[in-house]
Amino acid sequence: MARLNRRSTLAKCSLAAAALALAGCEASRPSEENEAAAANNVAAPTPLPLPAPEPPLDRERLLLAVAQARSAYAAGADDRTAQAELDGDRFELRIRFGCGAPPAEAAGNPSVRHDPEARTVELSASPDLDLADPAVAAMAGEEVEAVEGIWLSRPWVLQPACPPAAAAPAQAAEGEPPRQLPRQIGIAQFFTPDDSRVGRRGNRSYRHVIRLDEGQDPARAQGYDLVLSGRLRAGPAGRVIRCTGSNPDSMPSCLIGAEFEEVRFEDAERRAVIARWGRG
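Along each chain, residues carry numbers from 1 onward, in the same order as the chain's sequence is written. Owing to the predicted nature of the model, reporting of local features is limited to residues with pLDDT of at least 70; listing and counting of side-chain atom pairs is limited to 80 or more, with chain, interface and lining totals taken over all residues. Remark: hydrogens and water are excluded; side-chain values derive from all non-hydrogen atoms of the structure.

A. Quick look at the overall build of the chain. Under the scheme used here, helices are H or I runs from DSSP no shorter than 4 residues and strands are E runs no shorter than 2 residues, and both carry numbers assigned from the N terminus. Helix and strand counts for the chain come out as five helices and ten strands. Relative accessibility under 20% of the residue-type maximum defines a buried residue, over 50% an exposed one, and the middle range a partly exposed one, all with a 1.4 Å probe and only protein chains included. Residues classed as buried in the chain amount to 32% of the 280 residues present. Every residue pair with non-hydrogen atoms within 4.5 Å of one another is taken to be in contact. Excluding contacts between residues fewer than 6 apart, the proportion of contacts in the chain whose partners are at least 24 apart in sequence is 74%. Here the chain has roughly 17900 Å² of accessible surface; of this, 53% comes from carbon and sulfur atoms. For the area figures, the Shrake-Rupley method with a 1.4 Å probe applies, and any residue is considered shielded solely by the protein chains shown.

Here it is in structure tokens:
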């Protein structure tokens, strides 16, 4: 009887051991459901960030590029390889004007004029360079049939800014014509006979009239910005910036070749768009 009990006990132990081993094996192998769940929990690869677009060339970078091109011209150096890197670059050029109280009569280009009776402020910018100017014609070359652009006011200032309040233009003596500053840097579109005439503006001005509320101050301490934006374009000689000069001891004049995509007036202090125009 004791021998039977021992056999029974051994059998029970053997069955228990086999059950534990089987349970261990089953526990070590995940079920199909667990495998599917594990696969679903695999983290997706993190997408690589897209490269940020290059900001357009601003006034400072454009004027520094002009300084380099002017230096190369004055030194007789060939800078076409360096200038090739500019071709097609986006730009946004700001020209500050109309700082302080607007005058009753427009002066300069761009200009601002206040009509107190009509309670209006008129902003205006006119193309003021063309092939009638011998310097412009020299920079354009024989392949160009039309040029449309504007000379920059105060091109020695890298940022768009108003002159100090204490600074005032020198007044001409009575009977003398106003002193004309030399035109140093301009930006223009150059058109050949093969180019489309769509988008040409000719001599039409950009004008916008601001209507004031009764009692509204027409003055803008920070003035307005004329903003020209688009892409730089090289001419037939491969240069975006063309310079010329008749005297080696005087500063050459230079023109930036461009394609205007948008022209707008902005409130300089708030960077708010007042009016905008597309091509042409």
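B. Structural view of the side chain of arginine 201. Within the secondary structure layout, arginine 201 lies in the loop between strand 5 (185-191) and strand 6 (206-211). Note on charges: Lys and Arg go in the positive column, Asp and Glu in the negative column, and His and the chain ends are not counted at all. The working definition used for a salt bridge is a side-chain nitrogen of Lys or Arg within 4 Å of a carboxyl oxygen of Asp or Glu. Glutamate 148 provides the closest opposite charge to the buried, salt-bridge-free arginine 201, at an N-O distance of 7.2 Å. In protein, a polar contact requires one atom able to donate a hydrogen and another able to accept it; more generally it is a pair of N or O atoms within 3.5 Å, and residues adjacent in sequence count only if both atoms are side-chain atoms. Within the local environment of arginine 201, its side chain forms a polar contact with the backbone oxygen of arginine 204, the two atoms lying 3.0 Å apart.

C. Seen up close, the environment of cysteine 254. Looking at where cysteine 254 falls in the secondary structure, it is placed in strand 9 (residues 253-267). The spatial distance from the C-alpha of cysteine 254 to the C-alpha of glycine 186 is 6.5 Å, given a sequence separation of 68 residues. Dropping the residues within four chain positions of it, cysteine 254 is found in contact with Val66, Arg70, Met139, Trp151, Gln184, Ile185, Gly186, Ile241, Arg242 and Cys243.

D. Here's a closer look at the sheet that holds strand 3 (residues 120-125). DSSP calls a pair of strands paired once it identifies at least 2 bridges connecting them. Taken together, the three strands give an open sheet; going across it, the order is 2-3-6, and neighbouring strands pair in antiparallel fashion. Each having just a single partner strand, strand 2 (111-115) and strand 6 make up the two edges of the open sheet. For this sheet, the mean angle separating the axes of adjacent strands, direction not counted, is 15°. Inter-axis angles, ranging from 0 to 180 degrees, are taken between N-to-C directions of lines fitted to C-alpha atoms, where helices are fitted over the stretch in contact.

E. Broad picture of the confidence of the model for the chain. Mean pLDDT over the chain: 83, with 78% of residues reaching 70 or higher. Note that residues 1-30 has pLDDT below 50 and, in this model, one contact with residues that lie over four places away or in other chains. pLDDT is a residue-level measure of predictor confidence that goes from 0 to 100.

F. Representation of the pattern of salt bridges in the model. Tallying each qualifying case throughout the model produces 21 salt bridges. With a closest N to O distance of 3.5 Å, arginine 239 and aspartate 78 form a salt bridge. With arginine 239 in the loop between strand 7 (224-232) and strand 8 (241-244) and aspartate 78 in the loop between helix 3 (59-75) and helix 4 (80-84), this residue pair connects regions lying 161 residues apart in the sequence. In this structure, arginine 233 and glutamate 259 form a salt bridge, with 3.0 Å as the shortest nitrogen-oxygen distance. Of this pair, arginine 233 sits in the loop between strand 7 and strand 8 while glutamate 259 sits in strand 9; the two residues are 26 residues apart in sequence, bridging distant segments of the chain.

G. Summary view of the state of the cysteines. Disulfide assignment relies on a single distance test, namely cysteine sulfur atoms paired within 2.5 Å. This model, assessed by the stated rule, comprises two disulfides. Each sulfur of the disulfide joining cysteine 243 and cysteine 254 lies 2.0 Å from the other. Judged by the torsion about the S-S bond (105°), the cysteine 243/cysteine 254 disulfide is right-handed. Placement of the pair is cysteine 243 in strand 8 and cysteine 254 in strand 9, with a sequence separation of eleven residues. Look at cysteine 243 and you get buried, because its relative accessible area is 15%. With a relative accessible area of 0%, cysteine 254 lands in the buried category. For the chain, the disulfide bridges join cysteines in the arrangement 1-2, 3-4, where the cysteines are counted in sequence order.

H. Broad picture of the packing of aromatic side chains. Only rings of Phe, Tyr and Trp enter the pairing, Trp through its six-membered ring, and a pair is recorded when the two centres are within 6.5 Å. The plane angle decides the type: under 30 degrees is stacked, over 60 is edge-to-face, the rest tilted. In total, this model carries four aromatic pairs according to the counting rule given. Judged by centre distance (5.9 Å) and plane angle (35°), the rings of phenylalanine 97 and tyrosine 224 are tilted. On the criterion of sequence distance, the pair formed by phenylalanine 97 in strand 1 (residues 90-97) and tyrosine 224 in strand 7 is long-range, its members being 127 residues apart. Tyrosine 224 matches phenylalanine 97 in its accessibility class, with the two residues each being buried. Feature note: the residues Phe97, Tyr206, Tyr224, Phe265 and Trp277 constitute an aromatic cluster, connected by ring pairs. For a lysine, the NZ atom is tested; for an arginine, the CZ atom; a charge sits over a ring if that atom is within 6 Å of the ring centre and within 35 degrees of the ring normal. Cation over ring: arginine 201 sits above tyrosine 206, and NZ or CZ is 3.9 Å from the ring centre. Taking the ring centre of phenylalanine 190 as reference, the NZ or CZ of arginine 242 above it sits at 3.8 Å.

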